[in-house]
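# Examination of the molecular architecture
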Amino acid sequence: MVVTRFAPSPTGYLHIGGLRTALLSYLWAKKNGGKFLLRIEDTDKARNSEEAAQAIVNAFEWLGLAHDGEITYQSKRDDIYAKYIQQLLHEGKAYRCYMTKEELTELRETQMANKQRTMYDGSYRDFNGTPPEGVEPAIRIKAPKSGPIVVKDGVKGTITFQAEDILDDFVIARADGSPTYNFVVAVDDALMGVTEVIRGDDHLSNTPKQIVVYEALGFEIPAFYHVPMIHNAEGKKLSKRDGATDVMAYKEMGYTPEALLNFLVRLGWSHGDQEIFSMEEMMELFNPKDINKSASIYNTEKLDWLSGHYIKNMPNKKLAELLEQYGLMLTSHDKKEILLDSLKERAKTLKDLAELTKEILATPTSYDEKAVAKAFKADAIEVLNAFSAKVSASETLHLPSDYHHLMEEVVNEMGIGFGKIGQPLRLALLGKLSGPGLDSVMAIIGKNETLQRIEHAIAANS
Ligand code: GLU
């Protein structure tokens, strides 16, 4: 069975880069009928991990992703880690190191002065004398001193590190007994039955150490997929300013889960030239072997484009439900359909759509001055009055086309161009010269409101 995991450190929110690896891990597990596990790496006990886990679960819920089973908290597994440390000590694969901080610093300084790689020198590796008094030992693992450490990576290929270049007998438990990062990650991945580790390539350099732990404990090594980082347009690592923020901030900005997930899956994976992927398609087509080998570029325009695509293609019923969070209760069926049909092409985000909707539904309280000067000349008032008279007299105004006919009648009867009615009417209805089709606007606000807005605009501007 394929078992993947997402293993965030509790930063209090789910970060966009984290979400991307979570999504890829989720897709691969689900595609294979496997499990997607969540582990909170809260060995730094100062941070509140339950809250962080909740923030992640909330974000997953918004996005429609869900982890399987219980959440694993590293902070609750000290006994497990202690047991494996004891096992390694017992088997002679780890040992107590009594070097003090001062001695370690001195060692490092000497190595630096001699232009040597800074590393632990193994002085306690084969120690069997009397330990120095008053020093709590750290536990170090016996790492290979030389020879290849091979990381078989599904994205980067086989990477061969030389132990003598990168390793020393690294600490697996500190003097206070607390286990270290690379040790617990390897133990947990093994005990949780993780078969494929999909994570950011900033962790690639940890992998040889984790392999040393796997081998010492006789655990099976999972498959690794190290996903290249997300870069900004300047080719630098994504920072908060570029959008590397809380995933829930994207909800606030009005993006839909569909758009965000589609955006993220393409940041690091591709399938030919295809840009649009539904969740079902992602699941069907995703394979970690196709993860891109180079960094991907975060591009807000692309996100906006995808977001617009999903809004445009969303059923109005669902859109109306999503607009409720902006205080918009679109009840009347016909009007809702006309309104959303006329606006959804123009909105990049749900927030945009809510604003556009509010602009239509609210009577303008001011009129754009330049637009008034341009569009509201004396003949404009005459045209508007003629149009109002027709609207007043009509009993069958429902659809945009009903209003459109009346506009046409005025144009024909007065022998004027369409702009002569379109511009002042737009100003009267919306307070400015931009916006969606006027016939739709009138059909949405209805006959009385149309008449009132015209009357109000004439009174305010003549
Ligand atoms: N906790 C690590 C992080 O948040 C991830 C560890 C891993 O995926 O192995 O960067």
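Preceding this paragraph is the structure being described.
No experiment lies behind these values; they were computed from the predicted model shown.

What counts, and where the lines are drawn
- Residues numbered from 1 in each chain as written.
- Predicted model: local features only at pLDDT ≥ 70, side-chain atom pairs only at ≥ 80, totals over all residues.
- Heavy atoms only, no water.
- 1 Å grid on protein atoms, 1.4 Å probe; cavity = no way out; pocket = protein on both sides within 12 Å on 5 of 7 lines; lining within 4 Å.
- Points joined across faces, edges and corners; volume = space filled by probe spheres on them.
- Helix = DSSP H or I, 4+ residues; strand = E, 2+ residues; numbered from the N terminus.
- Nonpolar A, V, L, I, M, F, W, Y, C, P; charged D, E, K, R; others polar.
- Near = heavy atom within 4 Å.
- Polar contact = N/O pair within 3.5 Å; in protein donor to acceptor, adjacent residues only side chain to side chain.
- Areas by Shrake-Rupley, 256 points an atom, 1.4 Å probe, with all protein chains shown as cover.
- Sits in = over half its atoms within 2 Å of the grid points.

### Regarding empty space enclosed by the protein
This model, assessed by the stated rule, comprises one cavity of 30 Å³ or more. Along its surface, the largest cavity is lined by R346, L356, E359, I360, L430, K432, S434, G435 and P436. For the lining of the largest cavity, the element with the highest residue contribution is helix 14 (residues 350-361), accounting for three residues. Looking at the lining of the largest cavity, its residues break down into four nonpolar, two polar and three charged.

### Notes on the layout of surface pockets
Reported here for the largest pocket is a volume of approximately 760 Å³. Around the largest pocket, the lining comprises 28 residues; the ones closest to its centre are H15, G17, G18, D202 and H203. Contributing elements (two or more residues each) for the lining of the largest pocket: strand 1 (3-6), helix 1 (16-31), helix 6 (181-191) and strand 9 (196-200). Here the residues of the lining of the largest pocket are counted per class, giving 13 nonpolar, eight polar and seven charged. Of the pockets and cavities examined, the second largest pocket occupies roughly 290 Å³. Lining the second largest pocket are C97, M99, T100, K101, L104, V135, E136, A138, R140, V171, R174 and A175. Listing elements by their share of the lining of the second largest pocket, those giving two or more residues are helix 4 (101-113) and strand 5 (138-141). Among the residues forming the lining of the second largest pocket, the class breakdown is seven nonpolar, one polar and four charged.

### Quick notes on the site of the ligand
Close contacts around the ligand come from R5, A7, P8, S9, E41, Y181, V185, R199 and H203, and that covers them all. The contact in question runs from a nitrogen atom of the ligand to an N or O atom on the backbone of A7, over 2.7 Å. Between the ligand and the protein, one listed contact pairs a nitrogen atom with a side-chain N or O atom of S9 at 3.0 Å. Calculation on the ligand without its partners gives an accessible area of 310 Å², and the protein chains cover 79% of this total. Judged by the fraction of its atoms near the pocket grid, the ligand is located in the largest pocket.

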